[in-house]
Amino acid sequence: MYPQISLRLAIWQRNKELPRFLTQATWSWRYVIEPLDLNEAIDRIVSGIEPLPGEELVDLDTADNRVAARDVIAAVDLPPFPSSAMDGIAVAASALAGAPPFELKIVGDSRAGHPFTAAAPLAANDCIRIFTGASLPPELDCVVIQEDCEFHRDQPYARATTHVRPEPGANVRPVGHDVAAGERIISAGERLNAFSVGWLSACGETKVAVRQRPKVSIFATGDELREPGGELEPGAIFESNRILLRRMLARLPVEVADLGILPDDPAVIHDALLNAAANSDLLITSAGVSVGEADFVTDVLQRIGTLEIWRLLIKPGKPLAFGRIKDCLFFGLPGNPVSTAVTYLTVAQPALLKLCGANRAAQPEFLALLADDVQHKPGREEFQRGVLEQSGEKLIVRITGDQSSNRLASFHAANCLIRIPKAEGDLAAGTQVRVLPLGGIL
């Protein structure tokens, strides 16, 4: 289904024992894989992934953000009895004869958890004081809200007068108004959240079956990288992609193993990727997948697995590698921090959600007007970082300064990605563009 490259040759790029012209000859094999449009790449990747088969039963307290493994069917009606939607008086609509005002005798009250119990059958002009969530006696079928009532205190709430003639069912929540017994309340593949977990609890559930969490391992690669907190020698920089990936992955139902920094050494990368793949469902690296002399990750992947996609027609993030190492999915993300973030959000995250067994949800998008002129060279779809704001009845989006792919600062204060089609050139302020809210993506 995918363009496959398995270079099972004795000659490999950067094999130090071979003449330079032979090592260079293998370079062109990468270009057998043509760069893809983003949507085509996502469809190819996601369609080739099967969710992990395992599941477990978890308490509701730990179910938030997990993926439901099975449909959940309501065992009870909610509410299980007709209940009042408002504070007021419960009456029988048919008993309000003649013209208003209606004067009614209050014979008791019904409070949440303390239903009214009649000592004798209710008369035609009887009513009860009722409060929100309380059950209605079977003889009464509607509620007049207390703002429409006048209470007479010759005895405490002994009488009530109203000028309102309610219809049967007015201000009453019928049995099963929220959910009926036998109705599906959670669908398999649904990502659970605070609201769905609360709904499960309201239906009497204490546990829910959820999908197994994939094991995701991450590496950064590069001789120039150092752990934050130490000293930087000339030519070195602090590594940031792993903590960026960890925090984005923390929003998904996955288990993450941070395996540190790999040097630009093919032998070390070879062993590290093999070992990580043996213990992971999905492996993510950053850097080492471009065309530089020290970019070894893609070559190593072709030796120990398959390279299915390499290079996307997007900016930032063109050099993205996707493949497999035996049963482990592999994403090689570009090394520039913004490129890492954009390719993770747009490509790797949809694949991870499929692996988690989550239903594929449509990405929310808005149309907004550019507040700034935007430079764009046709040829690749571009994701610029922006700030989306409401201005009167219009949505306005402005870019967050220099959009270079090394500038994590372009994400600071950003709340959206501005999606610029590959065929477009420079865009003038006032042009309508599509924006992806980061809250929706994350």
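Please refer to the structure placed before this passage.
Residues numbered from 1 in each chain as written. Predicted model: local features only at pLDDT ≥ 70, side-chain atom pairs only at ≥ 80, totals over all residues. Heavy atoms only, no water.

Visitor: How do you make sense of the sheet that holds strand β17 (residues 282-286) when you look at a structure like this?
Guide: Sheet architecture is open: six strands sit in the order β16-β13-β17-β21-β20-β18, paired in mixed fashion. The sheet is open, and its two edges are formed by β16 (255-262) and β18 (306-310), each paired on a single side. Strand-to-strand, the axes of this sheet are offset by a mean angle of 20°, without reference to chain direction. As defined by bridge partners, β18 adjoins strand β20 (residues 321-325) across four bridges and the pair is classed as antiparallel. (Pairing = 2+ DSSP bridges. Helix = DSSP H or I, 4+ residues; strand = E, 2+ residues; numbered from the N terminus. Axes fitted to C-alpha atoms, helices over the stretch in contact; angles between N-to-C directions.)

Visitor: Even after reading the chapter, I still don't get the environment of Val-342, so can you show me in this structure?
Guide: Along the polypeptide, Val-342 turns up in helix α7 (residues 337-355). What makes Val-342 buried here is its relative accessible area of 0%. C-alpha separation for the pair Val-342 and Ile-314, spaced 28 residues apart in sequence, amounts to 9.5 Å. Apart from the residues lying within four places of it in its own chain, the contact partners of Val-342 are Pro-316, Phe-383 and Phe-411. (Buried < 20%, exposed > 50% of the residue type's maximum accessible area, 1.4 Å probe, protein only. Contact = heavy atoms within 4.5 Å.)

Visitor: What should I look at first to understand the packing of helix α5 (residues 266-278) against helix α6 (residues 297-304) in this one?
Guide: Packed helices, taken two at a time, are described by the angle their axes make and the gap between the axes. Across the interface, α5 lies against α6 with an axial gap of 10 Å and an inter-helix angle of 55°. Classified by the angle between their axes, α5 and α6 sit oblique to one another. Between α5 and α6 lies a crossing whose hand is right-handed. Residue-level inspection shows Pro-266, Ile-269, His-270, Leu-273 and Leu-274 of α5 in contact with α6, the latter providing Val-297, Val-300 and Ile-304. Of the residues in the contact of α5 with α6, the class split is seven nonpolar, one polar and no charged. (Parallel < 35°, antiparallel > 145°, perpendicular 65-115°, else oblique. Left-handed = near helix turned anticlockwise from the far one by under 90°. Nonpolar A, V, L, I, M, F, W, Y, C, P; charged D, E, K, R; others polar.)

Visitor: When you look at unusual backbone geometry in this model, what are you seeing that I'm missing?
Guide: Negative phi values dominate among residues other than glycine, just as trans dominates among peptide bonds. At the junction of Pro-100 and Pro-101, the peptide bond is cis and its omega measures out at 5° in the coordinates. Topologically, Pro-101 is positioned in the loop between β4 (88-91) and β5 (102-110). Going from Lys-315 to Pro-316, the amide bond is cis rather than trans, its omega being -5°. Secondary-structure assignment places Pro-316 in the loop between β19 (314-315) and β20. For Asn-65, which is not a glycine, the phi torsion comes out positive at approximately 75°. Of note, Asn-65 is situated in the loop between β1 (55-59) and β2 (72-73). Even without being a glycine, Lys-326 presents a positive backbone phi close to 60°. Here Lys-326 lies in the loop between β20 and β21 (328-333). Assessed through its relative accessible area of 71%, Lys-326 is described here as exposed.

Visitor: Sorry, what's going on with the sheet that holds β4 here?
Guide: Hydrogen bonds between backbone groups are what pair the strands of a sheet, and the pairing can be parallel or antiparallel. Across the sheet, six strands lie side by side as β7-β4-β6-β5-β9-β8; this open sheet has mixed pairing. Unpaired on one side and paired on the other, β7 (142-145) and β8 (149-152) mark the two borders of the sheet. Neighbouring strand axes in the sheet, compared pairwise and without regard to direction, differ in orientation by 40° on average. Here β4 runs beside β7; their pairing, made up of four bridges, is antiparallel. Residue pairing for β7: Ala-90 is matched across the bridge by Val-143.

Visitor: Any chance you could explain the nonpolar core here in plain terms?
Guide: In summary, soluble globular proteins display a tendency toward joint burial of nonpolar side chains. Within the largest apolar cluster, 46 residues are counted, with the highest numbers of intra-cluster contacts made by Phe-331 and Tyr-344. Secondary-structure elements contributing two or more residues to this core are α2 (38-47), β13 (215-221), α4 (241-249), β17, β21, α7 and α8 (438-441). Residue contributions to this core peak at 11 residues, all from α7. Excluding its chain neighbours within four sequence positions, the residues that come into contact with Phe-331 are Ile-45, Leu-282, Leu-283, Ile-284, Thr-285, Ala-321, Phe-322, Val-347, Ala-348 and Ala-351. Counting residues in each nonpolar core, the second largest holds 20 residues, with Phe-219, Leu-262, Ala-321 and Ile-325 among its members. (Core = buried A, V, L, I, M, F, W, Y, C linked by side-chain atoms within 4.5 Å.)

Visitor: Teacher, can you tell me more about the state of the cysteines here?
Guide: Taken as a whole and assessed by the stated rule, the structure comprises zero disulfides. Here Cys-328 is not disulfide-linked; the sulfur of Cys-356 is the nearest cysteine sulfur, at 14 Å. (Disulfide = S-S within 2.5 Å.)

Visitor: When you look at the pairing of strand β6 (residues 126-130) in this model, what are you seeing that I'm missing?
Guide: Extensive coverage of β6 is indicated by the burial of five of its five residues. Residues Asp-126, Ile-128 and Ile-130 of β6 are buried on one face, and the alternating residues Cys-127 and Arg-129, pointing to the opposite face, are buried as well. Bridge count for β4 against β6 is three bridges, and the pairing is antiparallel. When the sheet's bridge partners are listed, Gly-88 is paired in β6 with Ile-130. Strand direction decides the pairing type here: β5 and β6, joined by four bridges, are parallel. Each residue of the ladder has a partner; that of Ser-110, found in β6, is Ile-130.

Distances and angles like these do not, on their own, reveal function.
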